[in-house]
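A structural walkthrough
Below are the chains, spelled out letter by letter.
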Amino acid sequence: MPLDKMPDPTQYVPTHKSVVLHIQQNPVACIIDSDSDHKLHYQTLDESSQIRATLTGFLNKHEDAGLLLGLKLQIQSQENIFEYVVYPTEEFVDAVIFTESIFIIDEKMGQLYRLKKIITDQFVKTKSEFDKFQNMLK
């Protein structure tokens, strides 16, 4: 997304925190969701549930911090739509790209849900654009 074409900057305000956990020495991208109502909803989902997940990477210009790479994850089930906006670390970004999965966890690091086989094409493009801008600034 071009930096000067964000029609509504409030859509890119961080809503959640991200963390990378290591499971059997492999990095796993996790988004922390502390809403207890979401926890109950995720428990009712199973593998056969109709879930659509969209991952969008974006670049945002911050006055003090400079250029930031963020992501917006939208999960839609038959009953609800959940939206997560985070500004992750580089390790998180790499974990998403390589494993094509994101875990939704609670604040005690318990797994709520795992999104598998997330298509990361647009996210990879955004990361390469971010890296190109960072190299230009050096």
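Overview of the structure. Computed from a predicted model, the values in this text were never measured in an experiment. (Residues numbered from 1 in each chain as written. Predicted model: local features only at pLDDT ≥ 70, side-chain atom pairs only at ≥ 80, totals over all residues. Heavy atoms only, no water.)

**Regarding the overall build of the chain**
Looking only at helices and strands, the chain has 3 helices and 7 strands in total. Shown N-terminal to C-terminal, the secondary structure of the chain runs as helices and strands in the order β-β-α-β-β-β-α-β-β-α. Relative to a compact globule of 138 residues, whose C-alpha radius of gyration would be 14 Å, the chain shows 15 Å and is just as compact. In terms of overall dimensions, the chain has a C-alpha envelope of 45 × 35 × 25 Å along the principal axes. Relative to its full complement of 138 residues, the chain shows a buried share of 38%. Here the analysis covers contacts within the chain between residues at least 6 apart in sequence; of these, 59% occur between residues at least 24 apart. (Helix = DSSP H or I, 4+ residues; strand = E, 2+ residues; numbered from the N terminus. Rg over C-alpha atoms; globule rule 2.2 N^0.38 Å. Buried < 20%, exposed > 50% of the residue type's maximum accessible area, 1.4 Å probe, protein only. Contact = heavy atoms within 4.5 Å.)

**Focus on the sheet that holds strand β3 (residues 52-62)**
Taking strand neighbours across the sheet as the criterion, the 3 strands line up as β3-β4-β5 in an open arrangement whose pairing is antiparallel. Two strands close off the open sheet at either side, each with one partner strand: β3 and β5 (81-86). Neighbouring strand axes in the sheet, compared pairwise and without regard to direction, differ in orientation by 15° on average. In this structure, β3 lies alongside strand β4 (residues 66-76), joined through 11 bridges in antiparallel fashion. (Pairing = 2+ DSSP bridges. Axes fitted to C-alpha atoms, helices over the stretch in contact; angles between N-to-C directions.)

**Remarks on the pattern of salt bridges**
Counted by the stated rule, this structure contains 5 salt bridges. A salt bridge links D106 to K39, with the nearest nitrogen and oxygen atoms 3.6 Å apart. Here the residue D106 occupies a position in the loop between β6 (102-105) and β7 (111-115), and K39 occupies one in helix α1 (residues 36-44), the gap between them amounting to 67 residues. Among the residues examined, K39 registers a relative accessible area of 33% and is labelled partly exposed. Its salt-bridge partner being K127, residue D131 comes within 3.0 Å of it at the nearest N-O pair. (Salt bridge = Lys/Arg side-chain N within 4 Å of Asp/Glu carboxyl O.)

**Brief notes about the packing of aromatic side chains**
For the structure on display, the rule yields 4 aromatic pairs. Ring centres of F58 and Y87 lie 5.5 Å apart, and the angle between their planes is 90°; this geometry places the pair in the edge-to-face category. Residue F58 is found in strand β3, and its partner Y87 is found in the loop between β5 and α2 (90-99); the two are separated by 29 residues along the sequence. Classification of F58 by relative accessible area gives buried; the value is 1%. Chaining the aromatic ring pairs together yields one cluster made of Y12, F58 and Y87. (Phe/Tyr/Trp six-rings, centres within 6.5 Å; stacked < 30°, edge-to-face > 60°.)

**Structural notes on helix α3 (residues 121-137)**
With 17 residues, α3 should reach 24 Å at 1.5 Å per residue; the first-to-last C-alpha distance of 25 Å fits that figure. Taken as a whole, α3 has its buried residues at F123, T126, K127 and F130. Along the axis of α3, the buried residues cluster in a sector spanning 100°; they form a single face. Opposite the buried face of α3, at more than 90 degrees from it, the exposed residues are D121, K125 and M136. (Expected span 1.5 Å × (residues − 1). Arc of directions from axis to C-beta.)

**Things to note about the side chain of S77**
Residue position: S77 is located in the loop between β4 and β5. Residue classification places S77 among the buried positions, given a relative accessible area of 9%. Setting aside residues no more than four positions away along its own chain, S77 makes contact with H41, L45, Q50 and I51.

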